[in-house]
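Read off the chains here:
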Amino acid sequence: MHKQIHDETRHPVFWFDDGSMVIRVENQAFKVHRTLLSRHSRFFAGVDPINLDSGSDLTLESCILLDQGRNVRAKDLEVLLEHFYHDASLLSEVQFSRLAAALRVSSPQQLDFPAIHAHTRRRLISIIPPEYSPEFLPDDPEEALALATEYEIPSMRKALYYYFVTSPGSQFDASSGAAESPDDHSPSPPPSVSETGTASAAPSRPLSPADAKLCTQLMEQIINHFTPILFTPPATPHMACTDVFADTWMPLVIQPAIEDDGVYKPLETLERIKNIDWGKAGLCAACVKEKAEEWSEEQQNIWTMMDTWVGLVST
């Protein structure tokens, strides 16, 4: 037991000489103050540490060897300790990766910090745009989807499902989930950890069978809904403006959409349609305004209907 502890790497920041407890996680050892953590954590309040005898080189009061089944990561624990030791508060945090780390490590399945877990979840939800935004893209989308599913964050799940459906590099195949339960959202494996304890960049990898099935269903729903809109020139109150759409819809709208698979990218395709200079094409100002409003409304309708399409709300 002592040799295992001695072989651990002391954390360069969270190793306090006056600490009363060592926490061993992966290849890192943290010497911290047990009373500080026990006040906020059900896990630390109830865990029975291993006492080391005075012959140990580390001269510790107690040591906690975290069960690998808790899946605690050293980097996640570091984020939590930065908050408790006032190095980087989570109260105003906006960086997704840090909030995700805090949400995991504070969960009941890991170190069980109820107040931190509840706050972090609220904070994470607050940074997710209410409407689809391509700027909202975590470094590891596959893992972010597993996180959103496990901790029940529907807004994040919807944004990520849409990303996977519309991203050319996504890997999902409905046939792989044929024998799986729809409720089986097996998380993707975590990023590999180097010898220095730094998470390496995670490559794109297949989704869980359940998520792959949902993405396939979402793509089908999007195509079924959006195809008639995309391939039908809209009508207007003015015959002349309707004729403009009839004459220009193919080269200005349909052909570009075919070239970049816009039929299953409705939000982006509608945005591109809105940005076309329809006044220059011959539409009157009133019809330009009316159609821009209709296309914006359709974007919102699609985003709202996705709640049903991916099963976030019952039909």
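What this report covers is the structure whose coordinates are included nearby.

Definitions and limits used
- Residues numbered from 1 in each chain as written.
- Predicted model: local features only at pLDDT ≥ 70, side-chain atom pairs only at ≥ 80, totals over all residues.
- Heavy atoms only, no water.
- Core = buried A, V, L, I, M, F, W, Y, C linked by side-chain atoms within 4.5 Å.
- Buried < 20%, exposed > 50% of the residue type's maximum accessible area, 1.4 Å probe, protein only.
- Helix = DSSP H or I, 4+ residues; strand = E, 2+ residues; numbered from the N terminus.
- Contact = heavy atoms within 4.5 Å.
- Axes fitted to C-alpha atoms, helices over the stretch in contact; angles between N-to-C directions.
- Parallel < 35°, antiparallel > 145°, perpendicular 65-115°, else oblique.
- Nonpolar A, V, L, I, M, F, W, Y, C, P; charged D, E, K, R; others polar.
- Phe/Tyr/Trp six-rings, centres within 6.5 Å; stacked < 30°, edge-to-face > 60°.
- Expected span 1.5 Å × (residues − 1).
- Pairing = 2+ DSSP bridges.

## Focus on the nonpolar core
Core analysis: the largest hydrophobic core is formed by 48 residues, its most contacted members being F96, L124, M156, L218, W249 and W278. Of all the secondary-structure elements, those providing two or more residues to this core are helix 5 (96-105), helix 7 (141-150), helix 8 (154-166), helix 9 (209-231), helix 10 (239-259), helix 11 (266-275) and helix 13 (285-309). With sequence-adjacent residues up to four places away left out, W278 is seen in contact with F245, T248, W249, L252, V253, I273, L283, V288 and W295. Counting 27 residues, the second-largest nonpolar core is a separate cluster that includes F30, L66, V79 and I116.

## What about the packing of helix 8 against helix 13?
Viewed as axis vectors pointing N to C, helix 8 and helix 13 meet at an angle of 100 degrees, and their least axial separation amounts to 10 Å. Here helix 8 is positioned roughly perpendicular relative to helix 13, judged by the angle of their axes. Within the contact between the two elements, helix 8 uses K158, A159 and Y162 and helix 13 uses W303, M306 and D307. Tallied by class, residues from the contact of helix 8 with helix 13 come to four nonpolar, no polar and two charged.

## Thoughts on the packing of aromatic side chains
The final tally for this structure, using the stated rule, is 15 aromatic pairs. Between the aromatic rings of F14 and F16, the centroid separation amounts to 6.3 Å while the plane-to-plane angle is 65 degrees, which identifies the pairing as edge-to-face. The class of F14 is buried, set by a relative accessible area of 1%. Each member of the aromatic cluster is reached from another via a ring pair, and the members are F43, F44, F84 and F113.

## Brief notes about helix 8
The first and last C-alpha atoms of helix 8 sit 18 Å apart over 13 residues, in line with the 18 Å expected at 1.5 Å per residue. Most of helix 8 sits out of view: ten of its 13 residues are buried. Those residues of helix 8 not exposed but buried are M156, R157, K158, A159, L160, Y161, Y162, F164, V165 and T166. Contacts from the buried residues of helix 8 go to helix 5, helix 6 (114-126), helix 7, helix 9, helix 11 and helix 13.

## Brief notes about unusual backbone geometry
Its identity is not glycine, yet E26 carries a phi of approximately 50 degrees, on the positive side. With a relative accessible area of 38%, E26 lands in the partly exposed category. A positive phi angle is found at D261, which is not glycine, with a value near 60 degrees. Within the secondary structure, D261 sits in the loop between helix 10 and helix 11.

## A look at helix 7
Taking burial as the measure, the ten residues of helix 7 include nine buried ones, the bulk of the element. Three or more residues of helix 7 are buried, namely P141, E142, E143, A144, L145, A146, L147, A148 and T149. E152 sits one or two residues past helix 7 and shows a positive phi near 55 degrees.

## Looking at the environment of V263
Structurally, the position occupied by V263 is in the loop between helix 10 and helix 11. Given a relative accessible area of 21%, V263 falls into the partly exposed group. Sequence-distant contacts of V263, that is, excluding residues within four places in its chain, are made with I222, I223, F226, T227, L230, F231 and A257.

## What about the sheet that holds strand 4 (residues 63-65)?
Pairing is mixed in the open sheet, where four strands are placed in the order 1-3-2-4. With one partner strand each, in any of the chains shown, strand 1 (9-15) and strand 4 form the two edges of the open sheet. Averaged over all pairs of adjacent strands, the angle between their axes in this sheet comes to 25 degrees, without regard to strand direction. The sheet contact formed by strand 1 and strand 3 (residues 28-32) spans three bridges and is parallel. Opposite R10, over in strand 3, you have A29 as the bridge partner.

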